[in-house]
Each structure stands twice: as C-alpha cells, then as structure tokens.
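# Survey of secondary and tertiary structure
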Amino acid sequence: MSDRLPGFSTLAVHAGAQPDPTTGARATPIYQTTSFVFNDADHAASLFGLQAFGNIYTRIGNPTNAVLEERVAALEGGTAALAVASGHAAQVVVLQQLMQPGDEFIAARKLYGGSINQFTHAFKSFGWNVVWADPDDISSFERAVTPRTKAIFIESIANPAGSITDIEAISTVARKAGVPLIVDNTLASPYLIRPIDHGADIVVHSLTKFLGGHGNSLGGIIVDAGTFDWSTGGKYPMLSEPRPEYHGIRLQETFGNFAFAIACRVLGLRDLGPALSPFNAFMILTGIETLPLRMQKHCDNAKAVAEFLAGHPAVASVNYAGLASDKYNQLARKYAPKGAGAVFTFSLKGGYDAGVSLVSKLQLFSHLANVGDTRSLVIHPASTTHSQLDDAAKIKSGAGPDVVRLSVGIEDKEDLIADLEQALGA
Ligand SMILES: *Cc1c(COP(=O)(O)O)cnc(C)c1O
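Residues numbered from 1 in each chain as written. Predicted model: local features only at pLDDT ≥ 70, side-chain atom pairs only at ≥ 80, totals over all residues. Heavy atoms only, no water.

## A look at the packing of helix α4 (residues 87-98) against helix α5 (residues 113-125)
Remark: α4 packs on α5, axes separated minimally by 11 Å, with the N-to-C direction vectors making an angle of 45°. One way to sum up the angle between α4 and α5 is to call them oblique. Pair α4 / α5 crosses with right-handed handedness. Residues His88, Gln91, Val92 and Leu95 of α4 pack against Gly114, Ser115, Gln118, Phe119 and Phe123 of α5. (Axes fitted to C-alpha atoms, helices over the stretch in contact; angles between N-to-C directions. Helix = DSSP H or I, 4+ residues; strand = E, 2+ residues; numbered from the N terminus. Parallel < 35°, antiparallel > 145°, perpendicular 65-115°, else oblique. Left-handed = near helix turned anticlockwise from the far one by under 90°. Contact = heavy atoms within 4.5 Å.)

## Section: the site of the ligand
Taken together, 14 residues form the shell around the ligand, and within it Gly87, Asp184, Ser206, Thr208 and Lys209 come nearest. The contact in question runs from an oxygen atom of the ligand to an N or O atom on the side chain of Ser206, over 2.8 Å. In this structure, Thr208 approaches the ligand through a side-chain N or O atom, which is 2.7 Å from an oxygen atom. When isolated, the ligand has an accessible area of 380 Å², and the protein chains bury 93% of it. Broken down by element, the residue count for the shell around the ligand peaks at three residues, all from α4. (Near = heavy atom within 4 Å. Polar contact = N/O pair within 3.5 Å; in protein donor to acceptor, adjacent residues only side chain to side chain. Areas by Shrake-Rupley, 256 points an atom, 1.4 Å probe, with all protein chains shown as cover.)

## Some remarks on the pairing of strand β3 (residues 129-133)
As paired strands, strand β2 (residues 104-108) and β3 are joined by five bridges and run parallel to one another. From the neighbouring strand, Ile106 faces β3, where its bridge partner is Val131. In this region the chain leaves β2, passes through α5 and returns to the parallel neighbour β3; the handedness of that crossover is right-handed. (Pairing = 2+ DSSP bridges. Right-handed = clockwise from strand over helix to strand, strands pointing away.)

## Observations concerning the packing of aromatic side chains
To describe a pair of aromatic rings, you give the distance between the ring centres and the angle between the ring planes. Inspection of the entire model under this criterion finds 18 aromatic pairs. Both rings, one in Trp230 and one in Tyr236, keep their centres 5.3 Å apart while their planes meet at 85°; by these two values the pair is edge-to-face. This pair shows no difference in class: Trp230 is buried, exactly as Tyr236 is. Among the aromatic residues, those joined into a cluster by ring pairs are Phe105, Phe119, Phe123, Phe126, Trp128, Trp132 and Phe153. The lysine or arginine in question, Lys209, covers the ring of Tyr112, its NZ or CZ lying 4.6 Å from the ring centre. It is Lys338 that lies over the ring of Tyr191; its NZ or CZ is 4.5 Å from the centre. (Phe/Tyr/Trp six-rings, centres within 6.5 Å; stacked < 30°, edge-to-face > 60°. Buried < 20%, exposed > 50% of the residue type's maximum accessible area, 1.4 Å probe, protein only. Lys NZ or Arg CZ within 6 Å of the ring centre and 35° of its normal.)

## A few points about the domain arrangement of the chain
Examined at the domain level, the chain breaks down into domain 1 (8-287) and domain 2 (291-425). Taking only C-alpha atoms into account, the centre of domain 1 sits 28 Å from that of domain 2. Counting from both sides, the interface comprises 38 residues of domain 1 and, opposite them, 39 residues of domain 2. The contact between domain 1 and domain 2 buries some 3200 Å² in all, and 62% of this surface belongs to carbon and sulfur atoms. Of all residues in domain 1, the largest losses of buried area upon contact with domain 2 belong to Pro160, Tyr191 and Phe210, amounting jointly to 24% of the total for that side. Along the contact surface separating domain 1 from domain 2 lie two salt bridges. Among the salt bridges present, the one from Asp136 reaches Lys327, with a minimum N-O distance of 3.7 Å. Taken together, domain 1 and domain 2 are joined by 14 residue pairs in polar contact (both at pLDDT 80 or more). Mapped onto the side of domain 1 that touches domain 2, the elements with two or more residues apiece are α1 (8-14), α5, β6 (163-164), α7 (167-177) and α8 (189-192). At four residues, the largest contribution of residues to the side of domain 1 that touches domain 2 is made by α8. Among the residues making up the side of domain 1 that touches domain 2, the classes are represented as 18 nonpolar, 14 polar and six charged. (Domains from an automatic or database assignment. Buried area = accessible area lost by both parts, 1.4 Å probe. Salt bridge = Lys/Arg side-chain N within 4 Å of Asp/Glu carboxyl O. Nonpolar A, V, L, I, M, F, W, Y, C, P; charged D, E, K, R; others polar.)

Laid out in structure tokens, this is it:
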C-alpha cells in the first residue's frame, strides 16, 4: 500500500466499505433486519450504556447505513455522520440537540421552500424561533444575534436561484457569537463545495438529491465537523450536561470531536425515530459511487443551458453563478471552481402566464418538485413550491411570478437546448 491519501473519486467508491467478512460480497449488502443478536448479557448491557459500539436495533443504527455514514463523513471531511430518513429529518434532529423552547436560530432567507415552511411553522410549535437574515448582507446575521441564538443555518448553493453563499464570512459571525454554523450542502454536494473547509461546524444534506442522484430514494444525513466546543457557557446542555438516560455520562466529555454525531443518534434518532431504510441507504451508496462523474456533467450541461437562455429573446434574465456576468460569479470562482451546480432560475418577459405556459410545453424536462435527478427537471416556484408565500416574500426568496427553476440533468445538452427552444418559441 502506498501512503498516498485517497482522492475524492476513490473515496466516493470505497470509503466505509470492505468485502463482507462472512460472505465476501463486494457490493455493500442490504442488512434488511430490524435487530441484532447480542453476544451475551454483558455485551447487551455495554451497548445500551454506550460503553461499546455495536448494533442493537435499526432505528438507532444499521451496518448498511453505517457504510453510507462513513462514506459521506469522508467526502465532507467530517469526523462522523448520521443518516436519517430525509433531509427534513436531518434538520429536526440537528436542531433538537441545540434548541430549548424559547431559543432562536438565525437562517438565511434564501432556502429550499420546504425548509422555510419547516422553520416558520413546525419549529414554532416546538418553541424554536427562526430569525431571518439576508445572505447577501453579512451584517444582517450579526445584527440578528441575541443571547438566545443557538445556531446559524445557511445553504452553500442556495435555493431556488443557485446563488453562492459566502460561507467563510458567515462562519466568522458564528464564531464571534459562539454558536455553530450549520450548512445545508444539498445543491453543491461535497464534489463542488466542502463547507467544513470553510468553517462549517455541521453539514446537512438531503441525500434525496445529488448524492443519491437518481430520483429514486429519500434520505438525509448529518455530518459532524468535530470543530465546535459544546461545553462553553452551558449553552448546549444536551451535549455538556450529564445524561440521565445513559448513567449520567456527558456526551462531549465522553465522545470528544464526534459528540455531536453521537447526540444526534442516541438522543435524536433514538427518540424521534426518523430512521433511514437500509434499502434506501444501499440505493444512495450506489449513487454516490458516480457522484464526481455525474456532478461534473450536471454542471457542464447547466452552464450550456444557462448560456443558451441568456441569449434568448423571450428571457428577461438568467441567475446562474457560473455565468461570468452573474453577481455571484466571484463567489462561485472561490467556493465552487469546478462548477456552480445545476439548479438555477431564469425569468421570462411574459411573467406568470409565460412561466405556466413554458412548463406545460417542455417535453424532455419533467415538471415536478425535485432537484438533483439524472433527468432534467423544471418547476414554476410561484405556482407550486413557493405558492404559500405572499408576493413580497416570493420575490425576496427569489421566486417571483416570472421565475422558472431548472435542475439540469445529465442528458445530451443539445437535446435539452432543443426542448427549451421549442417550448419558448412556440
Ligand atoms: C430537498 C431539500 C431538502 C429537504 O430534503 P428531503 O429529503 O426532501 O426531506 C432540504 N434542503 C434542500 C436544499 C433541499 O433541496
């Protein structure tokens, strides 16, 4: 063995996996079982008391899921990860470790529409208060900090317009405030951006999108960077104080730089229950093996489609950070030099009606509410994902009435452009 550190594509294929010790199976088997036999009573007791690592019950952990966790932790440069049932489950489990009723977290206003709903409505019923800030105005994050702030939440490449967030600048605000920076890295994937390299303390993903990559399995994951000191100022009692359900151990003291991932598993997943099916973990692992190939093709196609749209007479403007003229192009060059992702928006001179008409005429692009599929996808946010927001909030979050969002797939770019041409022209 050479002592070379494996590169990203090698990790995407191999990290966390080895031939199955009992059967020799080379692909990671689907351990489709709810529970695991203990060696003896002492072994069982030590597993339940967190004195030993091992399998108990698939709600808390599963060997197929463990390969996925190790692989994504390696790709993101974190210390450990926890797979859960969906991207939204990842967000609930993360914040449950950090928030008490009455606490606040600051979130960038430009977010996945489902996250805006989750933060505004569901989290409010837990007593967790979201305070919105503008990712294009770093000082708005600083101004939002109060003694009850427990975290800052941003997207690396932000929905719906594919804008690029200045992770390092917001990480500086989080450090100063003494709170962790959580980055939703779904639209970038670690192939394009590794937020931990830029100061993120926790990374979350909807695995449903580019990591799984084929539009066939829901999943989510939480990656612990191992960078945050949870013991300061008694702000994070779940991590710093004795846990009555585990013989009074303190998670940070016992588990050090992967204490957050452990808390998410043994306090979050165990009690809230959004476990990932091992079958979905298998599908997503298979997807991740080709992540570098797919992501590069997604980005190259997206750039070609954005350039075509920018030159079309029916199009008023294109928001794609990969275009030299785009306001996020400098940030894209810094954070995502291999490509600015494959999700972006453009606006039509014909407004709302033109948006509705376009989605109905496209044939190769599927009209649906997803991103990060091999297939090209289109949606008109104002009449779908963002329809709950009032007009002002729609415009603020980048989903005005004239806006169409694309998730560009890995088909031949000439076919995608031809489809857009017929739908725009007719
Ligand atoms: C889809 C998505 C989510 C939610 O993930 P689910 O797997 O659908 O629960 C969160 N953030 C972003 C950026 C997404 O695209």
